[in-house]
Amino acid sequence: MVDPIKVYPPKPSKVYFYGTCLVDMFYPDAGMAGIQLLEREGIEVIFPENQTCCGQPAYTSGYHDEARAVAKAQLGLFPEDWPIVVPSGSCGGMMRKHYPALFKDTGDDVKAAEIAGRVWELTDFLLNVCHIKLEDLGEPTTVAMHTSCSARREMGVAEVGPKLLGQLSNVNLVEQVRTEECCGFGGTFAIRHPEISGAMVSEKVDAIVDTGAKDFVTTDCGCLMNIAGYAEKNRKPLEGQHILSFLWERTSAKKGERS
Amino acid sequence: MSETAHQSPHHIDVKEFHPRAQAAIHNPKIRQNFRKAMDGLMSKRKSAFEGWDLETLRDLGANIRLRALANLPDLLEQLEEKLTENGIKVHWALDSDEACRIVRDICVARDAKSVIKGKSMVSEEMELNHYLEGQGIEALESDLGEYIVQLAGETPSHIIMPAIHKNTGEISELMHEKTGTDLSHDVEYLTAAARQQLREKFMNADVGVSGVNFAVAETGTLCLVENEGNGRMTTTVPPCHIAVTGIEKVVPNLEDVTALMALLTRSATGQHITTYFNMISGPRKADEMDGPEEVHLVLVDNGRSSIYQDDELLDTLRCIRCGACMNHCPVYTRVGGHTYGTTYPGPIGKILMPHLIGLDEGRHLPTASSLCGACGEVCPVKIPIPDLLVRLRQESVDGDKLHPARVTGHGAKRGAMEAMIWKGWSWMHAHPGAYRFGTNMAARFRMLQPGQIGGWTQYRTAPKLAPKTLHEKLKERGQ
């Protein structure tokens, strides 16, 4: 499932930014943070306006004709040979790992494979392509991190988040028990099997709270929505943020905006 | 055995997954038993592979299984030929019923009244105990876990550790009630008591039934892995031994077994080797002191050859039944094996059972996963379980005209309303103008967003739409 060897491209002058529908509607600040981090690295960011969704919700629900129609509408958005960066392991995984299968036996299979080969999860891209160096301007704090299962297992970027956070001199990263375990989101799984999903997220929240951290960061908005939503409903002392928002806030002059 | 009420898996409605899951989630004892057991198994597996190049070993395991499957028809013929040469009688069974009848006929021919059994998941698949009881033949499980489960009138809740859902206290009470042992939390005492109860049965059984871990085509050898010695007793003490196996368990050479064994025991229980490794190559020879007079192998198809026809689903047959996918599955850990209502529970069950029972019965199985990928990550033979779950989800709603479904009962989960929602969703996301208009409006009127969203808000607050979409923010910025 994980690429045995990842061949990172040299740092480009331009990238395509694929925002994802969850970022677009619920966490646009995470998208803005990602774009600003890239721009600070001297990269021009192109945001194809006609982007909508990668098609994953329908794909994992088994509605492949419907997923293909949506995914096909994305295939024409990246005409130049620039990397496509995605602020999500899950949507990145869909495009990188599943587009070739989705377009198998269609006239678009070559194009899908070509695009899949250019897709990067954004934190991975910042660390391993941009070789970003972060200067921490924030107050001392303790955070926990949850890496989404698709970021961890499909995109193979589990080490990336902790490495980026490790560059921040005032951030103490703590690890929860069973850090590798799924938070229970799983897209429509959370709706189809609410009790099981609820049990999973409750244990995940307890594990994070037990670290003593009041804040956590994630690579994916689905996990963020799930973990933070559970904490809020059950009045647990825990707040969440997309890792890109956190990195941008800590390293840009606009300190303390969130608190 | 009359006091032991056997419960046929057929009495469990697979479709009732949801209420059973709910009950298990709210059962603190089940939750605790499984969490503790799975945590232990995960850490044991991890330490068992320390110092190994696990990825290379998994590649090797996957390739051995793929190579075997690529030549499956030839290997099975070779196996039959070699086994026959060795004096083992080979029988072919198309389905469970035929497999059960074959076992019965062998028993009847020997006038056998009692069968002692080693652990075998295929015999669970066949519901062999239930069938034999109906034929007036006693069938007693001799694996400790299976014995406990049989005493309780249950089915195994894990393929390697059948009684893992019970803690020592529960087992003690069960044995006290069913066999009159003292109530005790002393595991040594309980084990010794069970051993005593079983020992006599071993000596007097007419037939021993076992499973098979690997069948080696080149030499005609049946390999059997076990820890308790009951497998060795089952296959050597009674005058007749019947091994049952799925047709996929064949491997070309003895060398292949070495790598698969290294993966199997470490993945399953975190052991470097098992206590016993039996290699059965024939009945007792004239100059030998012990061993059965006759040995049979029943090769069971039961839907396997139909999986074999499909390039993708074929991967299911790589499985070496280690149970690591269950041990690492966050869903299995929460609900336990019985919730699935299937012979094989957990991730492997979700991709295997639809072939055995059809998607009309097993329609909920492929959805009961967050697709977290933990199962695929630990599978020693690299079965792409999450991909196969997605494939079966597609079949369960008949959601792909390009790649039509193959499993029986396909389309059983398709609901008119759900299909319409996905059609509408698809249209909107395939039309960027409509998408932008829709999302802009949603952001504008976010105060009207529903506070309750089905199962989601049962445990969480509703997600909050941002005042402006990323599209809008970037447009303002001039991008």
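Everything in this summary refers to the structure shown in the same document. Positions within a chain are numbered from 1, following the residues in the order the chain's sequence is written. Numbering of ligands from 1 and lettering of chains from A proceed in the order in which they are written. Totals for whole chains, interfaces and linings use all residues, but because this is a predicted model, local features are given only for residues with pLDDT of at least 70 and pairs of side-chain atoms are given and counted only at 80 or more. Neither water nor hydrogens contribute to the side-chain values; these are computed over all heavy atoms in the structure.

Some details on the packing of aromatic side chains
Aromatic rings from Phe, Tyr and Trp, with only the six-membered ring used for Trp, were paired whenever their centres fell within 6.5 Å, and each pair was classed as stacked if the ring planes differed by under 30 degrees, edge-to-face if by over 60, and tilted otherwise. Inspection of every chain in the model, using the stated rule, returns 12 aromatic pairs over all chains. Taking 5.9 Å as the distance between ring centres and 85° as the angle between the ring planes, the aromatic pair formed by Y99 of chain A and F103 of chain A counts as edge-to-face. We note that Y99 of chain A, like F103 of chain A, is buried. Members of the aromatic cluster, joined through ring pairs, are Y16, Y18, F78 and W82 of chain A. Should the NZ of a Lys or the CZ of an Arg lie within 6 Å of a ring centre and within 35 degrees of the ring normal, that charge is described as sitting over the ring. Stacked on the ring of W120 of chain A, the Lys or Arg R96 of chain A has its end atom at 4.7 Å from the ring centre. Positioned above the aromatic ring of W456 of chain B, the side-chain terminus of R460 of chain B is 4.4 Å from the ring centre. Only protein chains enter the calculation, and the probe is 1.4 Å; a residue is then buried if its accessible area is under 20% of its type maximum, exposed if over 50%, and partly exposed in between.

Here we look at the sheet that holds strand β4 (residues 119–121) of chain A
All names here are of chain A. Pairing between two strands requires that DSSP report at least two bridges joining them. Only DSSP runs of H or I with at least four residues qualify as helices, and only runs of E with at least two residues qualify as strands; both kinds are numbered from the N terminus onward. Ordered in space as β2-β1-β3-β4, the 4 strands form an open sheet in which the pairing is parallel. At either end of the open sheet lies a strand with only one pairing partner, and these are β2 (44–46) and β4. Each neighbouring strand pair of the sheet contributes to a mean axis angle of 35°, computed without reference to strand direction. By the bridge criterion, 2 bridges tie strand β1 (residues 14–17) to strand β3 (residues 84–86) in an arrangement that is parallel. Its bridge partner lying in β3, Y16 is registered against I84. Interaxial angle, 0 to 180 degrees, is taken between N-to-C directions of lines fitted to C-alpha atoms, where a helix line uses only the stretch in contact.

A few points about unusual backbone geometry
Glycine aside, residues mostly have negative phi, and peptide bonds are mostly found in the trans state. Look at T20 of chain A: it is not a glycine, yet its phi comes out positive at around 75°. Relative to the elements of secondary structure, T20 of chain A occurs in the loop between β1 and α1 (21–25). Since its relative accessible area comes to 5%, T20 of chain A is described here as buried. Here the phi dihedral of L371 of chain B falls at roughly 55°; this positive angle occurs in a residue that is not glycine. Tracing the chain through its elements places L371 of chain B in the loop between α16 (346–357) and α17 (374–378).

What to know about the interface of chain B and chain A
Contacts are assigned to residue pairs that have any heavy atoms within 4.5 Å of one another. Taken together, the 69 residues of chain B in the interface contact 71 residues of chain A. What gets called buried area is simply the loss in accessible area from a 1.4 Å probe that two parts show on being joined, summed for both. It is W422, Y459 and L470 of chain B that lose the most area in chain B upon contact with chain A, and together they represent 11% of the buried surface on that side. In what follows, salt bridge is the name for a side-chain nitrogen of Lys or Arg lying within 4 Å of a carboxyl oxygen of Asp or Glu. At the boundary of chain B with chain A, the tally comes to 16 salt bridges. The residue E49 of chain A makes a salt bridge to K475 of chain B at a minimum N-O spacing of 2.9 Å. Within 3.5 Å is the distance limit for a polar contact, defined as a pair of N or O atoms, with the added protein rule that one can donate a hydrogen and the other accept it, and that residues adjacent in sequence qualify only through two side-chain atoms. Inspection of the chain B/chain A interface yields 41 residue pairs in polar contact (both at pLDDT 80 or more). At 8 residues, the largest contribution of residues to the side of chain B that touches chain A is made by helix α19 (residues 416–430) of chain B.

Brief notes about the sheet that holds strand β10 (residues 294–300) of chain B
Residue and element names in this part refer to chain B. Ordered by their spatial adjacency, 6 strands build an open sheet running β1-β10-β7-β4-β2-β3, and the pairing between neighbours is parallel. The outermost strands of the open sheet, each flanked by one partner alone, are β1 (88–93) and β3 (138–141). Mean inter-strand twist for the sheet, computed between neighbouring axes without regard to direction, equals 20°. Strand direction decides the pairing type here: strand β2 (residues 114–117) and β3, joined by 4 bridges, are parallel. For I116, the partnering residue across the bridge sits in β3 and is L140. Contacting β1 and β10, helix α4 (residues 72–85) runs over the sheet at an angle of about 145° to β1.

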